[in-house]
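One letter stands for each residue in the lines below.
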Amino acid sequence: MTPLTTKYQPRTLDDFAGLRAPKAILSRLAESPYQSAWLLVGPAGTGKTTMAYAFASAIGAQVHHIASRSCTLEAVEDLCRSCSYVPMFGANSWHCAIVDEADQMTAAAQLAFLSKLDSTELPPQTIFVFTCNETHKLEARFLSRCRMLEFSAPPVSLLTPALAAVWSKESDGRQAPDFARIIRQSQGNFRDALNRLELALLSDDEPPQEPQTGAIGLMESQSESVPVESLPAPPAPGSPACW
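Residues numbered from 1 in each chain as written. Predicted model: local features only at pLDDT ≥ 70, side-chain atom pairs only at ≥ 80, totals over all residues. Heavy atoms only, no water.

**Considerations on the packing of aromatic side chains**
The condition is simple: For this analysis, a ring pair means two rings from Phe, Tyr or Trp (six-membered ring only for Trp) whose centres lie within 6.5 Å, classed as stacked if their planes differ by under 30 degrees, edge-to-face if by over 60, and tilted for the remaining angles. A run of H or I in DSSP counts as a helix once it spans at least four residues, and a run of E counts as a strand once it spans at least two, with each numbered from the N terminus. Only protein chains enter the calculation, and the probe is 1.4 Å; a residue is then buried if its accessible area is under 20% of its type maximum, exposed if over 50%, and partly exposed in between.
Per the stated rule, a full pass over the model turns up five aromatic pairs. Judged by centre distance (5.0 Å) and plane angle (90 degrees), the rings of Phe 113 and Phe 130 are edge-to-face. Of the two residues, Phe 113 sits in helix α5 (residues 107–116) while Phe 130 sits in strand β4 (residues 126–132), which places them 17 residues apart along the sequence. On the numbers, 5.1 Å between centres and 75 degrees between planes, the contact of Phe 130 with Phe 142 is edge-to-face. With a gap of 12 residues between them, Phe 130 in strand β4 and Phe 142 in helix α6 (residues 140–143) connect regions that are remote in the sequence. Accessibility classification places Phe 130 together with Phe 142 in one group, the buried group. Among the aromatic residues, those joined into a ring-pair cluster are Phe 113, Phe 128, Phe 130 and Phe 142.

So, in structure tokens, the structure goes:
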């Protein structure tokens with residue numbers, strides 16, 4: 001069985017059914033890329049890193065990735081050194097440096113980026129895409145060097161039909177679980193909701209049912225901006241993905 005988070009993950013910017021503002025801005029940037037730094041901010045599971053990779057694919061860039069909690073001064077220096085050369089991979093002459101959980105980088109790394117992100121010292125043909133859940137650990141000087149795009153969790157009114165569509169495709173007609181309960185447990189994190197749905201698919205037990213009134217309205221009031229508006233088919237020839 002392919003993990004649901006992989007099967008229903010977008011591969012291109014067009015695959016995203018939601019996140020209107022970030023998708024529109026990065027799509028325009030992909031049409032005419034330029035050296036710059038971007039900060040994708042929002043809760044876990046809202047598609048920040050996924051969209052960063054989709055953007056890199058859109059510009060045919062060579063991707064350089066610094067994983068969460070791995071951004072040290074040495075990592076920054078190695079990254080910028082690699083980006084100073086002509087890309088070895090990718091269809092075009094761009095580097096895309098993706099730094100996950102930028103708010104967890106070391107103080108020395110953040111200080112190094114202050115100079116590297118200045119327009120006079122940006123590595124050639126390089127676009128930096130940072131992700132983070134919160135910005136309070138990032139210096140104002142660092143934030144001023146980035147264009148910020150906000151990501152937010154989807155409301156229940158979109159999560160419920162999305163989970164129902166996945167269950168319909170994967171369950172062979174089995175009784176559906178309580179989607180509202182899964183959404184409450186995942187706190188609007190669609191990736192976590194898919195993992196919980198996968199557990200339900202693998203379980204032999206009949207799913208417990210709960211009333212769906214009350215909690216739906218509560219979560220809908222928490223967010224208006226959404227990364228998922230509908231659930232296309234899983235990635236396959238001619239079928240868009242959804243996150």
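That covers the picture; the talk isn't over yet.
**Here's the deal with the packing of helix α4 (residues 73–83) against α5**
Counted only if it meets this: Note on geometry: axes are lines fitted to C-alpha atoms, helical ones only across the stretch in contact, with angles between N-to-C directions running from 0 to 180 degrees. Geometric relationships in this document are graded by angle, where less than 35 degrees denotes roughly parallel, more than 145 denotes roughly antiparallel, 65 to 115 denotes roughly perpendicular, and other angles denote oblique. Two residues qualify as a contact provided that any one of their heavy atoms is within 4.5 Å of a heavy atom in the partner residue. Just so you know the grouping, Ala, Val, Leu, Ile, Met, Phe, Trp, Tyr, Cys and Pro go in nonpolar, Asp, Glu, Lys and Arg go in charged, and all remaining residues, Gly too, go in polar.
Axis separation between α4 and α5 bottoms out at 7 Å; the angle between their running directions is 30 degrees. Comparing their axes, α5 and α4 come out roughly parallel. Residues Leu 73, Val 76, Leu 79 and Cys 80 of α4 touch α5, and the partners they reach there are Ala 108, Ala 109, Ala 112, Phe 113 and Lys 116. Its residues assigned to classes, the contact of α4 with α5 shows eight nonpolar, no polar and one charged.

**Remarks on the side chain of Asp 178**
For clarity, the threshold we go by: Under the convention used here, Asp and Glu are negative, Lys and Arg are positive, and both His and the chain ends fall outside the count. What makes a salt bridge here is a side-chain nitrogen of Lys or Arg within 4 Å of a carboxyl oxygen of Asp or Glu, nothing more. In the analysis that follows, any N or O atom pair within 3.5 Å is treated as a polar contact, provided that within protein one partner can donate a hydrogen and the other can accept it, and provided that, for residues neighboring in sequence, both atoms belong to side chains.
With respect to the helices and strands, Asp 178 occurs in the loop between α7 (156–170) and α8 (179–186). Although buried, Asp 178 forms no salt bridge, and the nearest oppositely charged side chain, Arg 184, lies 4.9 Å from it. Of note is the side chain of Asp 178, whose polar atom sits 3.1 Å from the backbone nitrogen of Ala 180.

**Let's talk about the confidence of the model for the chain**
Put simply, the rule is: Predictor confidence is given residue by residue as pLDDT, running from a minimum of 0 to a maximum of 100.
Overall, the prediction assigns the chain a mean pLDDT of 83, with 83% of residues at 70 or greater. Below pLDDT 50 for its whole length, residues 210–242 participates in 84 contacts with residues either more than four positions away or in separate chains.

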